[in-house]
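Listed below, chain by chain, are the residues.
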Amino acid sequence: MGCGMVRRVDELGRVVIPKEMRRILNIKSGSSVEMSINDNNQVVLEKFFEINNIYSSAENLANIVYEELQLSCLVCDDEKVIICKGLNKKEYLNKAILNQKIKNKSCEEFLNTPIINGQISVPEFTYIFTLSSEGVDSGFLIVLCENKLEENIKNNIVLLTKFLCSLLKF
C-alpha cells in the first residue's frame with residue numbers, strides 16, 4: 001500500500017481530505033463520499049455515486065429502452081459507463097464519459113460526436129437524457145442510434161427517466 005497522509009481530527013470529528021486525494025478521486029465541493037470499515041478495521045473512503053445505489057433500477061430502465069424501444073443505450077454515473085445495452089461492452093463499459101460534452105445537455109442531440117473517451121464507432125445520432133432529482137444530476141442515459149429519434153420516442157424516454165427518478169428519489 002502507498003504512503004498515507006496524516007491529518008488531525010478537529011473537535012467536531014472532521015478530517016480534511018488532502019487536495020491530492022480529492023484530485024485523484026475527482027471529489028469536488030458538494031460531492032458525496034462513502035465511508036466504510038473493511039475486514040482489517042481500516043477506514044475506506046470512496047467517491048459515492050447515487051446511481052450505483054440504485055443500479056438494478058437503472059438497469060431496468062436500460063432494458064426497457066433496449067428491448068421495448070429497440071434502441072442501444074448506456075447508463076453512466078458522473079464519470080463512466082456503468083451499463084451497456086445493445087453495444088460492444090468492451091468499447092463502452094467502464095469507459096470515461098466526456099463530461100464537458102454532456103453536462104447540462106438533457107435530451108440534447110449530438111450528430112456524429114463521440115461521447116465516450118476512446119469511442120471507436122460513432123453512430124450518427126446520440127441523445128443524452130439526464131437522470132436527476134430535485135435539481136441534482138445523478139447520471140445519464142445515453143441513446144445511440146443511426147436514425148433521428150421521433151419526437152414521441154424522445155418524449156417517452158424523458159417520461160421513463162423522470163418516472164424512475166421520482167420513484168427512487170434519484
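The model shown is predicted, which means the values in this text are computed figures rather than measured ones. (Residues numbered from 1 in each chain as written. Predicted model: local features only at pLDDT ≥ 70, side-chain atom pairs only at ≥ 80, totals over all residues. Heavy atoms only, no water.)

**A word on the pattern of salt bridges**
Here's step 1: Applying the stated criterion across every chain yields a total of four salt bridges.
Here's step 2: Of the charged contacts in the structure, one is a salt bridge between Lys85 and Glu59, with a shortest N-O distance of 3.5 Å. In this pair, Lys85 is assigned in strand S4 (residues 81-85) and Glu59 in helix H3 (residues 55-68), connecting sequence segments 26 residues apart.
Here's step 3: Overall, Lys85 belongs to the buried group, its relative accessible area being 15%. (Salt bridge = Lys/Arg side-chain N within 4 Å of Asp/Glu carboxyl O. Helix = DSSP H or I, 4+ residues; strand = E, 2+ residues; numbered from the N terminus. Buried < 20%, exposed > 50% of the residue type's maximum accessible area, 1.4 Å probe, protein only.)

**Considering the environment of Lys85**
Here's step 1: Lys85 sits 19 residues away from Tyr66 along the chain, and the two C-alpha atoms are 6.3 Å apart.
Here's step 2: Residue contacts for Lys85: discarding those within four places in its chain leaves Glu59, Ala62, Asn63, Tyr66, Ser72 and Cys73.
Here's step 3: Here the side chain of Lys85 touches Asn63 through a polar contact of 3.0 Å, side chain to side chain. (Contact = heavy atoms within 4.5 Å. Polar contact = N/O pair within 3.5 Å; in protein donor to acceptor, adjacent residues only side chain to side chain.)

**Considerations on the nonpolar core**
Here's step 1: By size, the foremost hydrophobic cluster in this structure holds 20 residues, and its most contacted members are Val75, Leu141 and Val143.
Here's step 2: Mapped by element, the contributors of at least two residues to this core are H3, strand S3 (72-76), S4, strand S6 (125-133), strand S7 (136-145) and helix H6 (151-168).
Here's step 3: For Leu141, the residues in contact, after removing those within four places along its chain, are Leu61, Val65, Cys73, Leu74, Val75, Tyr127, Ile128, Phe129, Leu131, Ile157 and Thr161.
Here's step 4: Judged by nonpolar contacts, the second largest core, of 13 residues, contains Leu74, Phe110, Ile128 and Phe140. (Core = buried A, V, L, I, M, F, W, Y, C linked by side-chain atoms within 4.5 Å.)

**Quick notes on the pairing of strand S2 (residues 43-47)**
Here's step 1: With five bridges connecting them, strand S1 (residues 33-37) and S2 associate as antiparallel partners. Bridge assignment links Val33 to a residue of S2, and that residue is Lys47.
Here's step 2: Counted between consecutive antiparallel strands, the loop separating S1 from S2 contains five residues, among which Asn41 sits at a positive phi close to 60°. (Pairing = 2+ DSSP bridges.)

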